[in-house]
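These are the residues of each chain, in order.
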Amino acid sequence: MRLHEGLQVFVVADKALVKVYFDWGVLVWVEVVDPVIKIPNGPSAFSKGISSAVTGGANSLVSKGSTAADRLPFDREQLLGVLHFRLHETDRARRRASWFGGRIYNRLSGEDPDYFPVSGAHLMQALGVVRIQAPEFVVAGRQYLLRYDYAKRASDKLEREQQANVS
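Rules used in this analysis
- Residues numbered from 1 in each chain as written.
- Predicted model: local features only at pLDDT ≥ 70, side-chain atom pairs only at ≥ 80, totals over all residues.
- Heavy atoms only, no water.
- Helix = DSSP H or I, 4+ residues; strand = E, 2+ residues; numbered from the N terminus.
- Buried < 20%, exposed > 50% of the residue type's maximum accessible area, 1.4 Å probe, protein only.
- Polar contact = N/O pair within 3.5 Å; in protein donor to acceptor, adjacent residues only side chain to side chain.
- Contact = heavy atoms within 4.5 Å.
- Expected span 1.5 Å × (residues − 1).
- Pairing = 2+ DSSP bridges.
- Axes fitted to C-alpha atoms, helices over the stretch in contact; angles between N-to-C directions.
- Parallel < 35°, antiparallel > 145°, perpendicular 65-115°, else oblique.
- Nonpolar A, V, L, I, M, F, W, Y, C, P; charged D, E, K, R; others polar.
- Phe/Tyr/Trp six-rings, centres within 6.5 Å; stacked < 30°, edge-to-face > 60°.
- Lys NZ or Arg CZ within 6 Å of the ring centre and 35° of its normal.
- Core = buried A, V, L, I, M, F, W, Y, C linked by side-chain atoms within 4.5 Å.

## Description of unusual backbone geometry
No. 1: Within the chain, arginine 131 stands out as a residue other than glycine whose phi angle is a positive 60 degrees.
No. 2: By secondary structure assignment, the location of arginine 131 is in the loop between α5 (120-129) and β6 (143-147).
No. 3: Residue class for arginine 131 comes out exposed when judged on its relative accessible area of 73%.

Here you go:
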């Protein structure tokens, strides 16, 4: 079997992208890259039960209001505010991840030092800021996980635009 020359990209178990480069049928390099977007599994039945018990069953009303708000796009200033908040929280998780107790805290609290949750509508906006077309499977009302470095790029670009408009 003759391998194709050039770059080939494979998805491995929905966890990472593997970039493989062949030159004349010889493997030149392999790079494993975390995906830009992850689709979270959602809350477990246990966490839904705890949430319902704590809120006295009112969480479904709050959840519906939150879902409706997540479908509406933000203006650029609001998007910058949300990205700043999420990046700040993710920075805290990143600092905690440097020691054992912090990694346990992150695991129990569900915080990820490399990704943060964002709605599909806001994901499309953030990716649009850095000129990346959102995949076709992204839906406005669904939750996704956006990789930290891409969110940081979008935030930095929005800040530069905002400073340029003020000047």
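## Digging into the side chain of arginine 96
No. 1: Following the sequence through the fold, arginine 96 ends up in helix α3 (residues 76-96).
No. 2: The buried category is assigned to arginine 96, whose relative accessible area is 15%.
No. 3: Side chain to side chain, arginine 96 and glutamate 111 meet in a polar contact 2.7 Å long.
No. 4: Contact partners of arginine 96, with chain neighbours within four places excluded, come to Gly102, Arg103, Tyr105, Asn106 and Glu111.

## Topic: α3
No. 1: Given a rise of 1.5 Å per residue, 21 residues ought to cover 30 Å, and the 30 Å separating the end C-alpha atoms of α3 matches this to within 8%.
No. 2: Against the buried residues of α3 lie α4 (100-109), β5 (115-119), α5 and α6 (148-166).
No. 3: Two to three positions downstream of the cap, the backbone nitrogen of glutamate 77 sits 3.2 Å from a side-chain oxygen, assigning the N-cap of α3 to aspartate 75.

## What to know about the sheet that holds β6
No. 1: Taken in spatial order, the three strands of this open sheet run β4-β6-β5, and their pairing is antiparallel. At either end of the open sheet lies a strand with only one pairing partner, and these are β4 (37-38) and β5.
No. 2: Across two bridges, the pairing between β4 and β6 is antiparallel. Residue pairing in the sheet places isoleucine 37 in a bridge with leucine 146 of β6.
No. 3: With respect to the sheet, α5 is in contact with β4, β5 and β6, its orientation differing from that of β5 by roughly 110 degrees.

## Quick word on the packing of α3 against α5
No. 1: At a closest axis distance of 11 Å, the pairing of α3 and α5 adopts a crossing angle of 100 degrees. When the axes of α3 and α5 are compared, the pair comes out roughly perpendicular. Each of Arg76, Leu79 and Leu83 in α3 lies in contact with α5, whose residues at this interface are His122, Gln125, Ala126 and Val129.
No. 2: Within the contact of α3 with α5, the residues separate by chemical class into four nonpolar, two polar and one charged.

## Some details on the pairing of β6
No. 1: Along β6, four of the five residues are buried, which leaves the element largely enclosed by surrounding structure.
No. 2: Judged from the five bridges that link them, β5 and β6 form a sheet pairing that is antiparallel. Bridge assignment links proline 117 to a residue of β6, and that residue is leucine 145.

## Let's talk about the packing of aromatic side chains
No. 1: This model, assessed by the stated rule, comprises zero aromatic pairs.
No. 2: If you follow arginine 94 out to its NZ or CZ, it ends over the ring of tyrosine 148, 4.1 Å from the centre.
No. 3: Across from the ring centre of tyrosine 150, 4.3 Å away, lies the NZ or CZ of arginine 153, which sits over that ring.

## Section: the nonpolar core
No. 1: Grouped together as the largest cluster of nonpolar side chains are 21 residues, with contacts concentrated most on Leu83, Phe116, Leu123 and Leu146.
No. 2: When contributions to this core are tallied by element, the ones reaching two or more residues are α3, β5, α5, β6 and α6.
No. 3: Sort the elements by how many residues they give to this core and α6 lands first, with five residues.
No. 4: Apart from the residues within four sequence positions on either side, leucine 123 is in contact with Ile37, Val118, Val138, Tyr144 and Leu146.

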